[in-house]
Amino acid sequence: MDSQGQTTSLQRLQNVEKRVVRVLELAGGVMDELANPMGPRKEFINNHCGEFMKLIKDIQVTLRDEIKSACEYRPFEKCDYSSRISNEICCKKLEYILSQLDEMKRTIDEYHGTA
């Protein structure tokens, strides 16, 4: 992986971070709307949930690609222990994030199923 590939990967991960922040903002907005004493506005909820689900999908795809790329990356063929362990730890962290996002999606799907 060359320096441009690394920069591109870092930029993709930074974009994922921005999307995660937006996802949290959307979830907070929906929670505020659901707590509205006048009752939630259906169109507002639907728009936010639609954007939420699109962002979750985009995040999952990008993270899966980055996990695959990180796990395949071997900087030195004969001396890669440190890098390999570091990549494996990063992969586990990203897999954990994906599992948390999957759980959030399941919760949203259950909410839509009961609504």
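Analysis parameters
- Residues numbered from 1 in each chain as written.
- Predicted model: local features only at pLDDT ≥ 70, side-chain atom pairs only at ≥ 80, totals over all residues.
- Heavy atoms only, no water.
- Disulfide = S-S within 2.5 Å.
- Buried < 20%, exposed > 50% of the residue type's maximum accessible area, 1.4 Å probe, protein only.
- Salt bridge = Lys/Arg side-chain N within 4 Å of Asp/Glu carboxyl O.
- Helix = DSSP H or I, 4+ residues; strand = E, 2+ residues; numbered from the N terminus.
- Phe/Tyr/Trp six-rings, centres within 6.5 Å; stacked < 30°, edge-to-face > 60°.
- Lys NZ or Arg CZ within 6 Å of the ring centre and 35° of its normal.
- Expected span 1.5 Å × (residues − 1).
- Contact = heavy atoms within 4.5 Å.
- Patch = residues over 30% accessible without salt bridge, like charges linked within 9 Å, V, L, I, M, F, W, Y side chains within 5 Å.
- Areas by Shrake-Rupley, 256 points an atom, 1.4 Å probe, with all protein chains shown as cover.
- Core = buried A, V, L, I, M, F, W, Y, C linked by side-chain atoms within 4.5 Å.

Focus on the state of the cysteines
In step 1: As enumerated under the stated definition, the model contains 0 disulfides in all.
In step 2: With no disulfide of its own, Cys90 lies closest to Cys91 among cysteine sulfurs, the gap being 7.1 Å.
In step 3: In this structure Cys90 comes out as partly exposed when scored by relative accessible area, which is 36%.

Topic: the pattern of salt bridges
In step 1: This model, assessed by the stated rule, comprises 8 salt bridges.
In step 2: Among the ionic pairs, Glu66 bridges to Arg12, the shortest N-O distance being 2.5 Å. One end of the pair, Glu66, is in helix 2 (residues 42-72); the other, Arg12, is in helix 1 (residues 3-34), and 54 residues separate them in sequence.
In step 3: With relative accessibility at 34%, the residue Arg12 sits in the partly exposed group.
In step 4: Between Lys92 and Glu95 there is a salt bridge; the shortest N-O distance is 3.7 Å. Remark: Glu95 and Lys92 occur in helix 3 (residues 81-114); sequence separation between them is 3 residues, near one turn of the helix.
In step 5: Lys92 sits in the exposed class, given a relative accessible area of 57%.
In step 6: Beyond isolated ion pairs, a larger network of salt bridges with shared partners links Arg22, Glu25 and Glu51.

What to know about the packing of aromatic side chains
In step 1: Following the criterion strictly, the structure yields 0 aromatic pairs and no others.
In step 2: A cation sits over an aromatic face here: Arg41 above Phe44, 4.8 Å from the ring centre.

Let's talk about helix 3
In step 1: Under the 1.5 Å per step criterion, the end-to-end length of helix 3 is 49 Å for 34 residues, consistent within 8% with the ideal 50 Å.
In step 2: Where helix 3 is buried, its residues touch helix 2.

As for a nonpolar patch on the surface
In step 1: Taken together, the side chains of Met31, Leu34 and Tyr111 make up a nonpolar region of the molecular surface, amounting to roughly 280 Å² of accessible area.
In step 2: Relative to the helices and strands, Leu34 resides in helix 1.
In step 3: Here Leu34 falls in the partly exposed class, since its relative accessible area comes to 33%.

A closer look at the environment of Ile89
In step 1: With respect to the helices and strands, the residue Ile89 is situated in helix 3.
In step 2: Accessibility expressed as a relative area gives 44% for Ile89, which makes it partly exposed.
In step 3: For the pair Ile89 and Cys71, spaced 18 residues apart in sequence, the C-alpha to C-alpha distance is 9.8 Å.

Here we look at the nonpolar core
In step 1: Residues Val23, Phe52, Ile56, Ile59, Leu63, Ile67 and Leu101 are the most contacted members of the largest nonpolar core, which totals 15 residues.
In step 2: The set of elements that each furnish at least two residues to this core consists of helix 1, helix 2 and helix 3.
In step 3: Per-element tally for this core: the top contributor is helix 2, with 7 residues.
In step 4: Other than its neighbours up to four places away in sequence, Ile67 contacts Cys91, Leu94, Glu95 and Leu98.

Read these as geometric descriptors, not functional statements.
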